[in-house]
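# Commentary on secondary and tertiary structure
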Amino acid sequence: DLEITDLFMKKWEDQKSRKFAFFGKLRTEKDRYVLTKVPQILVGSVHYSGINVYDSALKSTEDVLRAPKPSNAFDPRSAEAAQNAPKDQLYEYRLAAGPLPPDASPACCTYEFSVRLRFPNEFEMYHFVAMLRRCVRVDHYQQASKMLEYQKQQTAAAVPRQRQLYKSGGQLEVLLVEARRLKPLQSALNTVLQSDPIALYESWSKGRTEGDPSQSNQMLGPDYLPELMGTTDGRMPKQTPNGSPIATFVNFRMLHPMEAAPGEKPGRPEVVPYRGQKVQISSVINGTDSPVWARESELEAAGGWTFRTGMIDPDKFPRLLLEFEVMQAAVFSATRIGLIQIPVTEEQFLTNPEQRFKNLWLPLVNIKDGQQTPNITGEIHVMTQWLPAEMKQVFSDGREKMQLSTRQMFNKQIWHKVSQKFIREPIYGTEALYFRNVYNPNTVRINGEKVEAETYKNTFRRHVEELNHAVPYLECLERRQLNAWNLFKNELVEKGLENRGLGELRLHWQDTDNLEMLNKLQSLMLRGVPSALRPQVWAEVTLASRVSATDGAGQTRDYADEEELALAAEKEYQALLARGMELNSDAMHQLHEDTVLLLAWESTSPPLPEALKLHQKRIEKAKNVVTALLACEDGGVASSESLLVLAFFLLLPQGYKEASTVSADGLTQPSEQSVFWLLYTLVCHRYNGMYREY
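Residues numbered from 1 in each chain as written. Predicted model: local features only at pLDDT ≥ 70, side-chain atom pairs only at ≥ 80, totals over all residues. Heavy atoms only, no water.

A separate point is the overall build of the protein chain. Helices and strands together make up the secondary structure of the protein chain, namely 19 helices and 16 strands. Within the protein chain, the fraction of its 694 residues that count as buried is 39%. Taking as baseline every contact in the protein chain between residues at least 6 positions apart, the subset at least 24 positions apart corresponds to 68%. Surface summary for the protein chain: the accessible area is close to 42,900 Å², and the carbon and sulfur share equals 52%. (Helix = DSSP H or I, 4+ residues; strand = E, 2+ residues; numbered from the N terminus. Buried < 20%, exposed > 50% of the residue type's maximum accessible area, 1.4 Å probe, protein only. Contact = heavy atoms within 4.5 Å. Areas by Shrake-Rupley, 256 points an atom, 1.4 Å probe, with all protein chains shown as cover.)

Okay, structure coming up:
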C-alpha cells in the first residue's frame, strides 16, 4: 500500500487529458489518499540510499490512516528554519513512518546491533531520525561524487597497482579426502589368498591380535569392522576397517622435470615452492591405515585437508606434476608407504577451463631400482579445482572475490542427483533397490547407547555422494588390476601358453602340482577381474568357452576355424531360443510371472520413459537367456526367479564409466550368447555343473 500526497492528487485532478493511470485501488480517507495492492515490481526508490523508518504503534494501513498526518513543511535540519518557525509548527513536525512489519520486530529478527535512545519530546526524536537519514544519503552522494571524479581523470595518470594481475594461467586447489588400505597386513593377505572363504570368515569373526591378525580368541572389535552404509548419527562413515594401528600423513609437492640434453639422463625434477615452502604437509591421523581427513571435526566443513598452489603459468611449466607422498609417522623419523604423481598442465589434465573440477582416486606405487612398482593395495582420494586467472576478480582494496571451494564444486556437480526422488546406480543406470530399506533411525547406537540419528535427506545425500565416489574408485582399482593381468598374460606368452584357456591351464597346473602358477591365478581372481576382460576370463575359467566351441548343448562341433565355431555357437543359441518360445509349460508360465515382478524394480514416479524402456529391454534379454536354458532337453533346468535375476545382472554393462539412462557408451556389454553359455556350463554341463544342485 502506497500513500500519495494531496499535492500530487490536486495536480493529477487538474489534468484535462490524463495520459497515465494509477495501478492498484485508490482509497480515500478525509484528506489522505492510499493506493492498495500495488505490484511490488512497479515500486522504485526515490533515493539510492537511506534507512527504513517504522512506527511500532502502527500495525496496519488502517492504523496509519488513523494516526496524525505527517507534517514536514519545513526542514528541521536547517538552523534558520528551526529558529524562525512558530513553536506550534515546530512541535507539529512529523516524519512519515510505515507500520512495523512482523518479520522486522526484534522479537523474531536478530540484528547485527541495536541502539535504544530516549528523547525529551517527539520533535527531538524526529529531528534525530531525519538527521541520521540525511547523513546516510550525504555519505552515499560523496562516495558517488568521488567515483565520478576518478572516472574523469586522464587515463595516462599513474594509478597505484594494488596487486599483480595475471592474464594467463590460474590457481589449483587440491582437497585430500581419504586413503584406503595403505599398509595391508601380510599375514592376513596370505590368509585371504590361500584359505577357504568359509573357514576364513569363521576365523576372522573371532577377532584379531597384534601377533596374528587372523587368529584370536577375542571378539572382533567394533572399530575394526567397516561401518555399514545404513543410518548414522550424522558423521561421515568409514568404508574400510581400521587395519594396522599406524599414524599417517601426506606430503604434497609440485615438481617440474628438467629438460635433459640429447643422450643424457634426465636429472631430478625441480621443486616449485608455494609461499616459500617446498613441501606442504597434511595433518597426522592415528590408529588406522585407512585415514579419512574428511571425518576430522576441524576439516569436516571443508571436506578434507586442502593443498593450494600459486599462480601456474602453463607456458612456463608445460610438464608440471603433483606428487602425493604417503608417509607413516614414527617417533624419530617417517617412512614412505607409497607415492603417486599426476600431470597438471600436460594435455590440460587439471588445467582444462571446460572441466575445472576433477574427482580422482589414485593408486600408490613405490620406487624400486629406479622403476615404479604398483603397491598391492593403497589408494588415495583427492578432488581438484582449477581457477583460471580471468575468473579471479580483484577489488580496489586488493581483496579477491570469494570463489566456490572444492567441496562446494562437488556438491554443485551432484546436486541434480540429490534433488531426485530416487537414487540410481551410476554405472548400471538402474534404481538403487538397496536404499529402499536403508533408513532406520532406531538402529543408531554408539557404545551401546542410542543417539540422535541423521535425517532422511542427509542419509539420501550421503549415499548419492558414496555412489558418485565409487565410479573413480572402481577406475583406480581396475587400472591396477589390468596391469597385473597384463603381466600375467605376458608370462603365459613367454611360456608358450597364450593359446590355452585359463580353465584348461588351471586343470593342468592342478595335475602337475604347479602351486606357483595356481597361487598367481587365484590371487588375480580374488583381487578382481577387470571389466574389459570379464567376458573372456569368466568363459575360460568356467570352461564355458570350451563348451560353446566344441561340445555345445548336445551338438558336437568339428570346425577348425574360430569364426566358424563362434558362428555355430550363435546359431545353436538362436535355435534353442526359438524352441523355447514355443514351449507351453509351467516353467514358461512361471518365467512370465517373474518377468512382471522384475518390472517393479523401476519404481520412479513419475516414470522416466527412457529409463523404463531400457529396464524392459534388459529384462527381455535376461528372459531370452532363461528361455534358451529351459529349451535344453538334457539340462533339467527348472525356472526360478533367482535364475532370471542372475541372468539380468550378468547382462548389465561392466566398467567404470558413468552411464546415462539411455545408453552406456564406453562400457563392456556382455552378449546374450556369452551369458547363456556361461550359465549352461555352470548349471547343465559335466565340465562344471557347480550350480546343478542349486
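Moving on to a negative patch on the surface. A surface patch of negative charge is lined by Asp561, Glu562, Glu563 and Glu564. Of note, Glu563 is situated in helix α15 (residues 562-581). (Patch = residues over 30% accessible without salt bridge, like charges linked within 9 Å, V, L, I, M, F, W, Y side chains within 5 Å. Salt bridge = Lys/Arg side-chain N within 4 Å of Asp/Glu carboxyl O. Lys, Arg positive; Asp, Glu negative; His and termini not counted. Charge placed at Lys NZ, Arg CZ, Asp CG, Glu CD.)

A few words on the sheet that holds strand β1 (residues 2-4). Reading across the sheet, the three strands line up as β1-β3-β2 and stay open at both edges, with antiparallel pairing between neighbours. Every interior strand has two partners, whereas the edge strands, β1 and β2 (25-29), have only one. For this sheet, the mean angle separating the axes of adjacent strands, direction not counted, is 30°. Of the strand pairs in this sheet, β2 and strand β3 (residues 32-36) are connected by five bridges, and their pairing is antiparallel. Residue pairing in the sheet places Glu29 in a bridge with Arg32 of β3. Along the sheet face, helix α1 (residues 6-14) touches β1, β2 and β3 and points at about 65° away from the line of β1. (Pairing = 2+ DSSP bridges. Axes fitted to C-alpha atoms, helices over the stretch in contact; angles between N-to-C directions.)

Before going further, it helps to examine the nonpolar core. One finds Val625, Leu629, Phe676 and Tyr680 to be the most contacted residues of the largest nonpolar core, which totals 36 residues. Every element with two or more residues in this core is listed here: α14 (544-551), α15, α16 (586-599), α17 (609-630), α18 (641-650) and α19 (672-683). Sorting elements by how many residues they give to this core places α19 first, with eight residues. In this view, Val625 contacts Tyr573, Ala647, Leu651, Glu672, Val675, Phe676 and Leu679; residues no more than four positions away in its chain are not counted. (Core = buried A, V, L, I, M, F, W, Y, C linked by side-chain atoms within 4.5 Å.)

According to the stated counting rule, one finds 19 aromatic pairs in the structure shown. Ring centres of Phe252 and Phe324 lie 5.5 Å apart, and the angle between their planes is 55°; this geometry places the pair in the tilted category. Of this pair, Phe252 sits in strand β7 (residues 247-256) while Phe324 sits in strand β11 (residues 321-329); the two residues are 72 residues apart in sequence, bridging distant segments of the chain. Phe324 carries the same exposure label as Phe252, and that label is buried. An angle of 70° between the planes, with centres 4.9 Å apart, marks the rings of Phe676 and Trp677 as edge-to-face. Residue classification places Phe676 among the buried positions, given a relative accessible area of 0%. Connected via pairs of aromatic rings, a cluster forms that spans Tyr434, Phe435, Tyr439, Tyr456 and Phe460. (Phe/Tyr/Trp six-rings, centres within 6.5 Å; stacked < 30°, edge-to-face > 60°.)

Before going further, it helps to spend a moment on the environment of Lys183. Residue position: Lys183 is located in the loop between β6 (170-180) and α6 (186-194). What makes Lys183 partly exposed here is its relative accessible area of 37%. For the pair Lys183 and Ile246, spaced 63 residues apart in sequence, the C-alpha to C-alpha distance is 8.9 Å. Apart from the residues within four sequence positions on either side, Lys183 is in contact with Ser244, Ile246, Asp289 and Gln328.

On to α16. In a regular helix each residue adds 1.5 Å, so 14 residues correspond to 20 Å; α16 covers 20 Å between its end C-alpha atoms and thus fits that length. Here α16 has its buried residues at Met588, Leu591, Asp594, Thr595 and Leu598. Buried residues of α16 fall within an arc of 115° about the axis and therefore sit on the same side. Away from its buried face by more than 90 degrees, α16 exposes Asp586 and Val596. Elements in contact with the buried residues of α16: α15, α17 and α18. (Expected span 1.5 Å × (residues − 1). Arc of directions from axis to C-beta.)

The next point concerns unusual backbone geometry. Its identity as a non-glycine residue notwithstanding, Lys37 has a phi of 55°, on the positive side. Of note, Lys37 is situated in the loop between β3 and β4 (54-55). Of the residues examined, Lys37 reaches a relative accessible area of 74% and is grouped as exposed. Look at Leu543: it is not a glycine, yet its phi comes out positive at around 70°. Within the element layout of this structure, Leu543 appears in the loop between α13 (534-541) and α14.

Moving on, we get to the pairing of β11. Counting buried residues along β11, eight of its nine residues qualify, which places the element largely inside the surrounding structure. Bridge count between β7 and β11: nine bridges; the pairing is antiparallel. Opposite Val250, over in β11, you have Val326 as the bridge partner. As judged from the eight bridges shared by β11 and strand β12 (residues 335-343), these two strands associate in the antiparallel manner.

Put simply, α15 and α19 touch, their axes get as near as 10 Å, and they point 80° apart. Between α15 and α19, the angle is such that the two are roughly perpendicular. When α15 is examined against α19, the residues Ala566, Ala569, Glu570, Glu572, Tyr573 and Leu576 are found in contact with a partner set consisting of Glu672, Gln673, Phe676 and Trp677. Residue composition of the contact of α15 with α19, grouped by class: six nonpolar, one polar and three charged. (Parallel < 35°, antiparallel > 145°, perpendicular 65-115°, else oblique. Nonpolar A, V, L, I, M, F, W, Y, C, P; charged D, E, K, R; others polar.)

Summarising burial for β6: 10 of the 11 residues are buried, a large majority. In this sheet, strand β10 (residues 305-312) lies alongside β6 in antiparallel orientation, the contact comprising six bridges. Residue Leu176 lies in a different strand from β10, and its bridge partner there is Trp305.

Inspection of the secondary structure puts Arg557 in the loop between α14 and α15. By relative accessible area, Arg557 is classed as buried at 8%. Sequence-wise, Arg557 and Ala568 are 11 residues apart; in three dimensions their C-alpha atoms are separated by 7.9 Å. Excluding residues that lie within four positions of it along the chain, Arg557 makes contacts with Val547, Ser548, Ala549, Thr550, Gly552, Leu565, Ala568, Ala569, Glu572 and Trp677.

Before going further, it helps to spend a moment on helix α8 (residues 406-413). Listed as buried for α8 are Thr406, Arg407, Met409 and Phe410. The arc enclosing the buried residues of α8, seen along the axis, measures out at 160°, which places them on a common side. On its buried side, α8 packs onto β6, β13 (357-368), β14 (371-388) and α10 (456-494).

To continue, consider the pattern of salt bridges. Taken as a whole and judged by the stated rule, the model has 21 salt bridges. Across the salt bridge formed by Arg27 and Glu29, the nearest N and O atoms sit 3.5 Å from each other. A relative accessible area of 32% means that Glu29 is categorised as partly exposed. Two residues, Glu475 and Arg479, come together in a salt bridge whose shortest N-O distance is 2.8 Å. In this pair, Glu475 and Arg479 are both assigned in helix α10, four residues apart and thus about one turn of the helix distant. Residue Glu475 is classed as partly exposed on the basis of its relative accessible area, which comes to 23%. A single salt-bridge network, built from bridges that share partners, covers Arg253, Glu323, Glu325 and Arg336.

The next thing to look at is the side chain of Arg407. Mapped onto the elements, Arg407 comes out in helix α8. Overall, the relative accessible area of 17% leaves Arg407 in the buried class.

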